[in-house]
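Structure assessment
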Amino acid sequence: MSGDEYRAVLRRLTTLDAAAGAHRAEAVAWHEGRVTAADDALRAADESVREAAEAVRAAQRDLEEVDARAARLWSDFVHRVGPAAERFGRTVPQPAVPRQRGELTADDYLREVAAKVAYTPPARPLTGATTTVFAVFGGIGGLLGVAAYQLLRWAGTAAGGDWAAGLPVVALIALVLGPVVAVFAAKRVADRRGAELNAAAITTVLLAGLATAGLLAAILRGG
């Protein structure tokens with residue numbers, strides 16, 4: 001091999017080595033770029049997982065809060081409606097997907113339900129039949145008062161001594177309390193019927209009770 005040929009081979013080898021070095025540098029840069037991109041993607045994925053886990057925890061808290069508010073509203077509903085609410089179940093019914101009504105949230109539905117549960121219809125006016133029932137309650141109260149009165153007086157007479165002096169006083173109190181107790185019974189009936197127990201109704205109960213008690217007491221005293 002002549003000197004010129006040898007120098008040409010050396011130049012060729014030098015050129016190939018330079019090209020190989022450039023390719024190696026390019027490969028290293030590409031690899032480092034891919035590693036950096038993979039690390040960025042991994043960090044982004046980890047951040048997405050953390051955000052998703054936090055979103056799940058927040059959704060669980062919201063669900064528990066909604067369930068608690070729904071349970072309170074159901075308890076208020078059952079308290080207001082009474083046994084009639086049991087046809088829907090003794091506990092909160094299972095949630096159902098509502099009909100499409102725009103972009104309403106669970107909070108919107110809960111506020112709407114709370115407003116309906118809190119609504120108190122106006123008291124219905126007293127009818128003649130209801131007034132008659134109140135008068136009957138007064139009469140029963142007066143009858144019970146007279147019965148307690150007679151029983152306590154008899155017990156005092158039978159016991160003698162201090163009882164004979166004290167029980168007649170208690171008997172008079174029981175005689176008066178009979179019509180008063182009838183007012184509370186009439187109040188329960190009025191609440192169930194959604195009627196208002198006004199001053200006139202209370203007067204009806206008391207007068208009926210006192211009249212019954214007085215009449216029976218007079219009859220028994222005369223007999």
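Residues numbered from 1 in each chain as written. Predicted model: local features only at pLDDT ≥ 70, side-chain atom pairs only at ≥ 80, totals over all residues. Heavy atoms only, no water.

The number of helices and strands found in the protein is 5 helices and 0 strands. Taken from the N to the C terminus, the helices and strands of the protein come in the order α-α-α-α-α. When burial is assessed residue by residue, the protein has 16% of its 223 residues classed as buried. Residue pairs at least 24 apart in sequence account for 65% of intrachain contacts in the protein once pairs closer than 6 positions are excluded. Of the roughly 16,300 Å² that the protein leaves accessible, carbon and sulfur atoms contribute 65%. (Helix = DSSP H or I, 4+ residues; strand = E, 2+ residues; numbered from the N terminus. Buried < 20%, exposed > 50% of the residue type's maximum accessible area, 1.4 Å probe, protein only. Contact = heavy atoms within 4.5 Å. Areas by Shrake-Rupley, 256 points an atom, 1.4 Å probe, with all protein chains shown as cover.)

Core analysis: the biggest nonpolar cluster contains 7 residues, these being F134, A182, V183, A186, A190, A201 and V205. Among the secondary structure elements, those contributing two or more residues to this core are α4 (161–193) and α5 (199–222). In terms of residue count, the dominant contributor to this core is α4 (4 residues). Those residues within four positions of A182 in sequence are excluded, and the remaining contacts are F137, G138, G141 and V205. Among the nonpolar cores identified, the runner-up in size contains 5 residues, and V146, Y149, L175 and A213 belong to it. (Core = buried A, V, L, I, M, F, W, Y, C linked by side-chain atoms within 4.5 Å.)

Looking now at the pattern of salt bridges. As enumerated under the stated definition, the model contains 4 salt bridges in all. The partner of R61 in a salt bridge is E54, and the shortest N-O contact between them spans 3.4 Å. Accessibility expressed as a relative area gives 36% for E54, which makes it partly exposed. It is possible to trace a salt-bridge network through shared partners that takes in E54, R57 and R61. (Salt bridge = Lys/Arg side-chain N within 4 Å of Asp/Glu carboxyl O.)

Take V170: it is sitting in helix α4. Sequence-wise, V170 and L152 are 18 residues apart; in three dimensions their C-alpha atoms are separated by 7.3 Å.

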